[in-house]
Amino acid sequence: MSNELNFEDKNFAAAFTVYDRRQRIQIGKIACFLSIILSLAGISLDYFIYPKKLPFFIALRLASSVLAGFLWYLHTTAFGQRYYRFLGVPIALNPIFFLGWVIETTPNAASSPYYAGWILIIMAASLIMRWSVRETLVTIGCVFAVYGLICFWKGLHEEPSAMFSNLFFLWATSVIATVGNHFAAKFRVQEFTLRYQLDKNKQELEETNRRLVELDRLKSRFFANISHELRTPLALLLSPLETLLQRFQGSLDGEAREHLLTMQANGMRLLKLINDLLELIRLEAGRLEIKNEPLEIADFVKGLGSAV
């Protein structure tokens, strides 16, 4: 399927090939199973229409079922999963050939009701199998080829009305199947394209989210590191200030003492801001419990006024 479409995106083409292989292998198994069930169920039709030929028809149906079972088995092998494209058409050709054999052996081949079986095969293949238009046309061509051989062998050209009737319904069914497969394949590609884009966008969002989480982690680590680095020189400033205030408390004039106290207060304020930043990082990491405590409004306002 992907060989018939001009996929510019190689990743898309590869993904569609995997998707198409998985779907067609699964559907191929189902088609083989249905071929076996319907072929054996047709024995009841043989019993009522051609009871004298029942043993021969049973033998043909059993042979067709065995071949369908073999095709089913091939779908489970490494060979079949690798060359799955070549297993689709044989699934339909199997009942087409054996049904043609049944028609050829009937007394009135021109009016044989088994022609309806070919119509069912074409329609079933169109509804179930994920075929391309090329595969559909190959299968239809085989139907008309078998029909032509029967007409030539049995002399059905001498019954033009019956031959034309069969040809008309086979042709009409073939047109419906071909058009249906064409649009089904087109819609299938469109559906897969939407799913592929959604998955691709999802992966991109997950990658972006992963990067954002990593950037947030790096940001938190950076702020934690820078906060610790700021506390070290700040502590080396506050400690000498406290020593000066305590050791030279009596010898300092009022203006000098006021400047030192302002420096100490703002240093402590800066230390508190750094500590708040570290607490915020712990809060983002989920390792902090918030505890409400009373605040002395007077001292807080006094400190703001002093800073101004």
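Conventions used here
Residues numbered from 1 in each chain as written. Predicted model: local features only at pLDDT ≥ 70, side-chain atom pairs only at ≥ 80, totals over all residues. Heavy atoms only, no water. Helix = DSSP H or I, 4+ residues; strand = E, 2+ residues; numbered from the N terminus. Rg over C-alpha atoms; globule rule 2.2 N^0.38 Å. Contact = heavy atoms within 4.5 Å. Areas by Shrake-Rupley, 256 points an atom, 1.4 Å probe, with all protein chains shown as cover. Lys, Arg positive; Asp, Glu negative; His and termini not counted. Charge placed at Lys NZ, Arg CZ, Asp CG, Glu CD. Disulfide = S-S within 2.5 Å. Buried < 20%, exposed > 50% of the residue type's maximum accessible area, 1.4 Å probe, protein only. Salt bridge = Lys/Arg side-chain N within 4 Å of Asp/Glu carboxyl O. Axes fitted to C-alpha atoms, helices over the stretch in contact; angles between N-to-C directions. Parallel < 35°, antiparallel > 145°, perpendicular 65-115°, else oblique. Nonpolar A, V, L, I, M, F, W, Y, C, P; charged D, E, K, R; others polar. pLDDT = per-residue confidence, 0-100. Patch = residues over 30% accessible without salt bridge, like charges linked within 9 Å, V, L, I, M, F, W, Y side chains within 5 Å.

Peer 1: I keep staring at the overall build of the protein chain and nothing clicks. Help me out?
Peer 2: Secondary structure summary: the protein chain contains nine helices and zero strands in total. For a compact globule of 308 residues, the expected C-alpha radius of gyration is about 19 Å, and the protein chain comes in at 42 Å, more than 25% above that figure. Counting only C-alpha atoms and orienting by the principal axes, one finds that the protein chain spans roughly 135 × 35 × 35 Å. Summarising the internal contacts of the protein chain: among those between residues at least 6 apart in sequence, 72% fall at separations of at least 24. In the form shown here, the protein chain has an accessible surface area of approximately 20200 Å², with 65% of it arising from carbon and sulfur atoms. Across the protein chain, the 32 positively charged side chains and the 28 negatively charged ones have centroids separated by 10 Å.

Peer 1: Explain the state of the cysteines to me, please; I cannot follow it from the model alone.
Peer 2: Disulfides are covalent bonds that connect the sulfur atoms of two cysteines. Evaluation of the coordinates by the stated rule reveals zero disulfides. With no disulfide of its own, Cys32 lies closest to Cys142 among cysteine sulfurs, the gap being 16 Å. Classification of Cys32 by relative accessible area gives buried; the value is 1%. We classify Cys142 as partly exposed; its relative accessible area is 25%.

Peer 1: Explanation requested: the pattern of salt bridges in the structure shown.
Peer 2: When charged atoms on two side chains of opposite charge get close, those side chains can pair. Summed over the entire model, instances satisfying the criterion amount to six salt bridges. Put simply, Asp20 and Arg85 hold a salt bridge, and the shortest N to O gap is 3.7 Å. Taken together, the positions of Asp20 in helix α1 (residues 10–49) and Arg85 in the loop between α3 (78–82) and α4 (88–105) put the pair 65 residues apart, joining distant regions of the chain. Overall, the relative accessible area of 22% leaves Arg85 in the partly exposed class. The residue Arg217 makes a salt bridge to Glu214 at a minimum N-O spacing of 2.3 Å. Remark: Glu214 and Arg217 occur in helix α7 (residues 160–247); sequence separation between them is three residues, near one turn of the helix. Linked through salt bridges whose partners overlap, the residues forming this network are Glu207, Arg210 and Arg211.

Peer 1: In this structure, what is going on with the packing of helix α5 (residues 115–128) against helix α6 (residues 133–154)? I would like to understand it.
Peer 2: When two helices pack together, you describe them by how their axes are tilted relative to each other and by the distance separating the axes. For the pair α5 and α6, interaxial distance at closest approach is 12 Å and the crossing angle is 170°. Accordingly, the angle class assigned to the pair α5 and α6 is roughly antiparallel. Residues Tyr115, Trp118 and Ile122 of α5 pack against Val143, Val146, Tyr147 and Ile150 of α6. Across the contact of α5 with α6, the residue classes tally to seven nonpolar, no polar and no charged.

Peer 1: How should I be thinking about the confidence of the model for the protein chain in this particular structure?
Peer 2: If pLDDT is low for a region, its predicted coordinates should not be looked at in detail. With 91% of its residues at a pLDDT of 70 or more, the protein chain has an overall mean of 82. Mean pLDDT values over the elements of the protein chain span from 76, in helix α9 (residues 297–307), up to 93, in helix α2 (residues 54–76).

Peer 1: Can you help me understand a nonpolar patch on the surface in this one?
Peer 2: Taken together, the side chains of Phe164, Phe168, Phe169, Trp171, Val175, Val179, Phe183 and Phe187 define a hydrophobic patch exposed on the protein surface, amounting to about 830 Å² of accessible area. Judged by relative accessible area, Phe183 falls into the partly exposed class, the value being 37%.

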